Amino acid sequence: MRIVFFIASLPEDELHRHQFPLGPGYVGAWLQREFPDLDVRITATPDEVIALRPDLVAISSVTQCYNQARQVAARVRCELDVPVILGGYHISALPQRLDLEFAAGVLGEGELPMTELVRCFRETGAFPAARLAVVPGICWREGSGRDDVRINPQPPRIPPDDLPRPLRNISRGARNIVMFSSRGCAYRCEFCASTRHWGRLRNHSARFFVDELKDLVRDYDATSIYLLDDLFFADRNRVFAIADLLAAEGLRDRFTFHGFTTSNLAEDGLFDAARRMGFRSIRFGGETGSDRLLKRMKGSWASVASHQRCIDLGLAHGLEVSAAFMLGTPGETVEDLDLTVEFLERNRGRFRINGLYLTTPIPGTPYWDLALAKGLVSLDMDFDRLNIDFGKTMSFDIDRCIYLNAENVPLETVGRYYALIRDRFAMVDHGTPPAPVATAVAAGETACV
Ligand code: B12
Ligand code: SF4
């Protein structure tokens, strides 16, 4: 039996061509361990899905790519007449909206539900309702209509060290290998889907992490690692343990790391251990220069003073620091926008702005619920409208974007602040990993704007 995973993507998503997002890679590896004779393929090319003549197609999609996911599913149904399963963030946030192109949707962590779906399909050659009714963590249709969707309870979360190595589409010597050492985040920001998707933060142990690094050296001659964890630094003792293990195994100078933190975690000991590990650059969610707004959108733990400390300490430890910002957040005033510009001005040349966004209501977040209440979004909307990527286009289409803060600041004013920040402070695309090792900044230097 052959299963083909298709990763729905945005046309400009260059990164996918070099390194696929790892979600399907994790699910595929888990399936291969459960069913050793299963032929698992992963592609981001619709024509390849058809050409591979699969028995079952599994599509991964975030909301912004959902239109493509649906088109490919329709094409598969028409040209191959095999069932299509949908997984990933979009269906996890909106399970009640399971479109007719899909036989079932997998919600949240995909490994266990997908195993049961594959087991069912291998045994019966179909997805009978009686079997679907007992598969945990899926949505499915009991009848033939769109309103007949049933949502099953979630299975237990997987202990992270039970996960196999994900399937990867990279070749030996790949620069900037992406890697995860955890699932989820310790916080719950109003605009972010992550915690709601993953549940409580679960970290791989330091031992598992270092062993995976060793496998990446063996298989790909890895040197530069881009850690995509939401919050790599959440457990400081784990960071210390990783730094010690790498030193003990003679790997201290082997890797350069790039990864995410929150600014409140910044402290000398942690950044010292990060440097010992080989960290070159850290990113954090800046969001705004207004303390009042920051606390409102992220929680009382967040502060502009922490942002400042994170930048100062990062530089003191020879780390390149970058942060992303958002404009148009519910409750934001013109004074808040001015505070953001002032913060950027104060730190001009000291850190990179690696993303500037219009606050967008992502399904599964409180801002989505707010947008629903305001009638700005619906389950039948064109989900392409949520794809507001300032970082890549360096502009935004005022007529198409969904704006949550009209009662406080006109959208045109936000557009002016956007242009001001864009023109005054250089930005880098949020999705591009930092420069490869050879050209990355040396310790103690900064490569800031
Ligand atoms: C890394 C990342 C990227 C990287 C990918 C780089 C790479 N080559 O790996 C880049 C920069 C390209 C990127 C781009 C975008 N991203 Co992004 N990204 C992430 C991030 C940080 C990690 C994603 C990831 O790999 N997670 C780890 C894997 C293991 O998880 P996973 O993919 O979700 O898969 C698991 C389950 O969801 C499920 N699953 C997933 N797919 C499938 C499919 C099937 C069939 C099954 C059964 C199960 C299943 O099982 C998997 C294992 O348990 C997440 C936040 C997060 N922490 O997850 C945001 C996130 C996914 N991105 C997001 C967005 C909005 C985007 C963009 C649209 C941004 C933009 N405007 O350009 C694009 C879309 C591109 C795309 N097609 O994915 C949002 C999605 C929100 C939503 N509700 O849809 C997230 C959640 C960020 C956020 N907090 O808001 N992204
Ligand atoms: S800290 Fe980052 S990943 Fe965690 S909930 Fe907030 S925005 Fe999401």
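Rules used throughout
- Residues numbered from 1 in each chain as written.
- Chains lettered and ligands numbered in written order.
- Predicted model: local features only at pLDDT ≥ 70, side-chain atom pairs only at ≥ 80, totals over all residues.
- Heavy atoms only, no water.
- Pairing = 2+ DSSP bridges.
- Helix = DSSP H or I, 4+ residues; strand = E, 2+ residues; numbered from the N terminus.
- Axes fitted to C-alpha atoms, helices over the stretch in contact; angles between N-to-C directions.
- Contact = heavy atoms within 4.5 Å.
- Near = heavy atom within 4 Å.
- Nonpolar A, V, L, I, M, F, W, Y, C, P; charged D, E, K, R; others polar.
- Domains from an automatic or database assignment.
- Buried area = accessible area lost by both parts, 1.4 Å probe.
- Salt bridge = Lys/Arg side-chain N within 4 Å of Asp/Glu carboxyl O.
- 1 Å grid on protein atoms, 1.4 Å probe; cavity = no way out; pocket = protein on both sides within 12 Å on 5 of 7 lines; lining within 4 Å.
- Points joined across faces, edges and corners; volume = space filled by probe spheres on them.
- Core = buried A, V, L, I, M, F, W, Y, C linked by side-chain atoms within 4.5 Å.
- Buried < 20%, exposed > 50% of the residue type's maximum accessible area, 1.4 Å probe, protein only.
- Phe/Tyr/Trp six-rings, centres within 6.5 Å; stacked < 30°, edge-to-face > 60°.
- Lys NZ or Arg CZ within 6 Å of the ring centre and 35° of its normal.

## Notes on the sheet that holds strand S11 (residues 224–227)
Reading across from one edge, S8-S11-S12-S13-S14-S15 is the order of the 6 strands in this open sheet, with parallel pairing throughout. On the outer flanks of this sheet lie strand S8 (177–179) and strand S15 (352–358), each paired with one strand and no other. In this sheet, neighbouring strand axes are inclined to one another by 20° on average, regardless of whether the strands run parallel or antiparallel. Pairing of strand S14 (residues 320–327) with S15, which is carried by 6 bridges, proceeds in the parallel orientation. Of the residues in S15, the one forming a bridge with serine 322 is arginine 352. Packed on one face of the sheet, helix H13 (residues 304–316) meets strand S13 (279–287) and S14 and runs near 165° to S13.

## Some words on the site of ligand 2
Residues in contact with ligand 2, as listed here, are Cys185, Tyr187, Arg188, Cys189, Phe191, Cys192, Thr195, Asp230 and Thr262. Looking at the shell around ligand 2 residue by residue, the classes come out as 5 nonpolar, 2 polar and 2 charged.

## What to know about the domain arrangement of the protein chain
Each domain of the protein chain was delimited in the assignment, giving domain 1 (2–151) and domain 2 (173–439). Each of domain 1 and domain 2 has a C-alpha centre, and these two points are 28 Å apart. Residue-level contacts link 23 residues of domain 1 with 27 residues of domain 2. The largest share of the area that domain 1 buries against domain 2 comes from Gln19, Gln64 and Tyr89, three residues that together contribute 27% of it. Applying the counting criterion to the domain 1 and domain 2 interface returns 4 salt bridges. Between aspartate 380 and arginine 97 there is a salt bridge, and its shortest N-O distance comes to 3.5 Å. Broken down by element, the residue count for the side of domain 1 that touches domain 2 peaks at 4 residues, all from helix H5 (residues 89–93).

## Regarding empty space enclosed by the protein
One way to see where empty space is left: roll a probe the size of a water molecule over the atoms. As enumerated under the stated definition, the model contains 1 cavity of 30 Å³ or more in all. By volume, the largest cavity amounts to about 30 Å³. Looking at the largest cavity, the residues that line it are Thr261, Thr262, Ser263, Phe284, Gly285, Lys298, Trp301 and His307. Split into classes, the residues belonging to the lining of the largest cavity amount to 2 nonpolar, 5 polar and 1 charged.

## Quick look at the sheet that holds strand S1 (residues 2–7)
Spatially, the 7 strands line up as an open sheet ordered S2-S1-S3-S4-S5-S6-S7, and their pairing is mixed. For this open sheet the edge positions go to strand S2 (39–43) and strand S7 (149–151), each flanked by a neighbour on one side alone. Going across the sheet, the axis of each strand differs from the next one's by a mean of 20°, ignoring polarity. Along the sheet, helix H2 (residues 23–34) makes contact with S1, S2 and strand S3 (56–60), crossing S1 at roughly 170°.

## Here's the deal with the nonpolar core
By size, the foremost hydrophobic cluster in this structure holds 65 residues, and its most contacted members are Phe209, Ile225, Phe257, Met277 and Phe279. Aside from chain neighbours lying at most four places away, what touches phenylalanine 209 is Met179, Ser181, Leu227, Phe232, Ile242, Phe257 and Met277. By size, the runner-up hydrophobic cluster in this structure holds 40 residues, among which are Phe6, Ala69, Val72 and Leu94.

## Points about the packing of aromatic side chains
This structure, assessed with the given rule, holds 15 aromatic pairs. For the pair phenylalanine 209 and phenylalanine 257, a centre-to-centre distance of 6.2 Å together with 35° between the ring planes defines the contact as tilted. Of the two residues, phenylalanine 209 is situated in helix H9 (residues 206–220) and phenylalanine 257 in strand S12 (residues 256–260); the sequence distance between them amounts to 48 residues. Neither residue differs from the other here; phenylalanine 209 and phenylalanine 257 are each classed as buried. Clustering of aromatic rings is evident, with ring pairs tying together Phe209, Phe232, Phe233, Phe255, Phe257, Phe271 and Phe279. The aromatic ring of tryptophan 30 is capped on one face by arginine 33, whose charged end is 4.7 Å from the ring centroid. The ring of tyrosine 26 has arginine 183 lying over it, and the distance from NZ or CZ to the ring centre is 4.9 Å.

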